[in-house]
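Coordinates in review
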Amino acid sequence: MGKQEYNISITGRQLYDGEDHGEVTLSTTGTYTQRDGARFIAYKEYDEDDPRVSHTAVLKVEPGKVTMIRQGSSTRLILEQGKRHLCLYDTGFGSLTVGVFTSRLESALGAEGGSLDISYTLDIDSNLSSRNQLTIKVAQQRPGPPLIPQDA
């Protein structure tokens, strides 16, 4: 039997220079697994310029900490409640080192899915770049209607 598919919805909001740049939502399907006390949410991100190009993004969720990894790039963001991490972010034109401070990380993930709410700031060279909010929802895809037996 193949891996169970999950509906994954990621909503991001960015405030930059006091301006709210609105919400961006990505709805996709992916996998949701658990291993060694961590939960893994994996999905494909498609290139805006060439939709045939995709990278797998993986969110590793541990208590109080989420690590975002984009395969095929050097991006690795560590979001840990109450801590600042220096992380590599691949812009597509090269990698930047950014400071990531997570002020809030609330996980309501269970065996069937759930949600994550994260608030964090990004800074470059210790200058505040943006405030960010991320909501990630994971829900098991429901099977279709039951088949009606032919002899009913």
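The notes below deal with the structure included here. (Residues numbered from 1 in each chain as written. Predicted model: local features only at pLDDT ≥ 70, side-chain atom pairs only at ≥ 80, totals over all residues. Heavy atoms only, no water.)

1. Observations regarding the pattern of salt bridges
All chains considered together, the criterion is met by eight salt bridges. One salt bridge in this structure joins Arg13 and Asp20, with 2.5 Å as the shortest N-O distance. Residue classification places Arg13 among the partly exposed residues on the basis of a relative accessible area of 24%. Looking at Asp20, the relative accessible area reads 43%, which means it is partly exposed. One salt bridge connects Asp50 with Arg52, and the closest N-O pair in it is separated by 3.1 Å. (Salt bridge = Lys/Arg side-chain N within 4 Å of Asp/Glu carboxyl O. Buried < 20%, exposed > 50% of the residue type's maximum accessible area, 1.4 Å probe, protein only.)

2. Overview of a nonpolar patch on the surface
There is a patch of nonpolar side chains on the surface, built from Tyr89, Leu96 and Ile124 and spanning about 220 Å² of accessible area. Among the residues examined, Ile124 registers a relative accessible area of 31% and is labelled partly exposed. (Patch = residues over 30% accessible without salt bridge, like charges linked within 9 Å, V, L, I, M, F, W, Y side chains within 5 Å. Areas by Shrake-Rupley, 256 points an atom, 1.4 Å probe, with all protein chains shown as cover.)

3. Some remarks on the side chain of Thr11
Inspection of the secondary structure assignment puts Thr11 in strand β1 (residues 6-16). Take Thr11: its relative accessible area is 18%, and that puts it in the buried class. In terms of polar contacts, Thr11 uses its side chain to reach the side chain of Thr25, at 3.3 Å. Among residues more than four places away in sequence, those in contact with Thr11 are Glu23, Val24, Thr25, Gln133, Leu134 and Thr135. (Helix = DSSP H or I, 4+ residues; strand = E, 2+ residues; numbered from the N terminus. Polar contact = N/O pair within 3.5 Å; in protein donor to acceptor, adjacent residues only side chain to side chain. Contact = heavy atoms within 4.5 Å.)

4. What to know about the nonpolar core
One finds Ile41, Val66, Val100, Leu116 and Ile136 to be the most contacted residues of the largest nonpolar core, which totals 26 residues. Of all elements in the fold, only β1, β3 (38-46), β4 (54-62), β5 (65-70), β6 (76-80), β8 (95-110), β9 (113-124) and β10 (127-140) reach the threshold of two or more residues within this core. Setting aside residues no more than four positions away along its own chain, Ile41 makes contact with Ile8, Thr31, Tyr32, Ala57, Val58, Leu59, Val61, Leu109, Leu116, Ile136 and Val138. (Core = buried A, V, L, I, M, F, W, Y, C linked by side-chain atoms within 4.5 Å.)

5. A few points about the environment of Glu5
Inspection of the secondary structure puts Glu5 in the segment before β1. Among the residues examined, Glu5 registers a relative accessible area of 34% and is labelled partly exposed. In the structure, Glu5 is positioned 26 residues away from Thr31 in sequence and 5.5 Å away in space, judged by C-alpha atoms. Residues in contact with Glu5, not counting those within four places in the same chain, are Thr29, Gly30, Gln140 and Gln141. Only 3.3 Å separates the side chain of Glu5 from the side chain of Thr29, close enough to count as a polar contact.

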